[in-house]
Amino acid sequence: MNIYTIRDNLKRTIAGKEKFLLSLKQDDPLMTAPEWLASVSAKKFVEINLAELQKILEDVELCIEQGT
């Protein structure tokens, strides 16, 4: 494994989480209150996780830049 593999894995992970985030529905009128709360909580968790992963990706890309 090398830094490029790590970067590529991070990009794929971020893309997958972004896709998952889009799939979370909060506007479904048939949702029960617990389902809505779970959806909101999951959305917030994924948003926070994405922000962290983006920062890590920035750091990895900076390492790549500095190493070349």
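Up top is the structure these notes are about.
Residues numbered from 1 in each chain as written. Predicted model: local features only at pLDDT ≥ 70, side-chain atom pairs only at ≥ 80, totals over all residues. Heavy atoms only, no water.

Colleague: Help me understand helix 2 (residues 33–67), please; the structure alone is not making it clear to me.
Modeller: In this model, helix 2 (35 residues) spans 51 Å end to end at C-alpha, consistent with the 51 Å of a helix rising 1.5 Å per residue. Among the residues of helix 2, S39, V40, V46, N49, L50, L53, L57, V60 and I64 are the ones counted as buried. (Helix = DSSP H or I, 4+ residues; strand = E, 2+ residues; numbered from the N terminus. Expected span 1.5 Å × (residues − 1). Buried < 20%, exposed > 50% of the residue type's maximum accessible area, 1.4 Å probe, protein only.)

Colleague: How should the nonpolar core be read in this particular structure?
Modeller: Burial of nonpolar side chains together is a common tendency in soluble globular proteins. Counting 10 residues, the largest nonpolar core consists of L10, I14, L21, L24, V46, L50, L53, L57, V60 and I64. Those elements that place two or more of their residues in this core are helix 1 (3–23) and helix 2. At 6 residues, helix 2 tops the list of elements feeding residues into this core. (Core = buried A, V, L, I, M, F, W, Y, C linked by side-chain atoms within 4.5 Å.)

Colleague: Which parts of the structure should I look at to understand the packing of helix 1 against helix 2?
Modeller: The description of two packed helices rests on the angle between their axes and on the distance between the axes. The contact between helix 1 and helix 2 brings their axes to 10 Å, and the two run at 160°. With respect to helix 2, the element helix 1 is oriented roughly antiparallel. As for how helix 1 packs across helix 2, the hand of that crossing is left-handed. Note on element contacts: helix 2 touches helix 1 through K43, V46, E47, N49, L50, L53, Q54, I56, L57, V60, E61 and I64, opposite I3, Y4, I6, R7, L10, K11, T13, I14, K17, E18, F20 and L21. Grouping the constituent residues of the contact of helix 1 with helix 2 by class yields 14 nonpolar, 3 polar and 7 charged. (Axes fitted to C-alpha atoms, helices over the stretch in contact; angles between N-to-C directions. Parallel < 35°, antiparallel > 145°, perpendicular 65-115°, else oblique. Left-handed = near helix turned anticlockwise from the far one by under 90°. Contact = heavy atoms within 4.5 Å. Nonpolar A, V, L, I, M, F, W, Y, C, P; charged D, E, K, R; others polar.)

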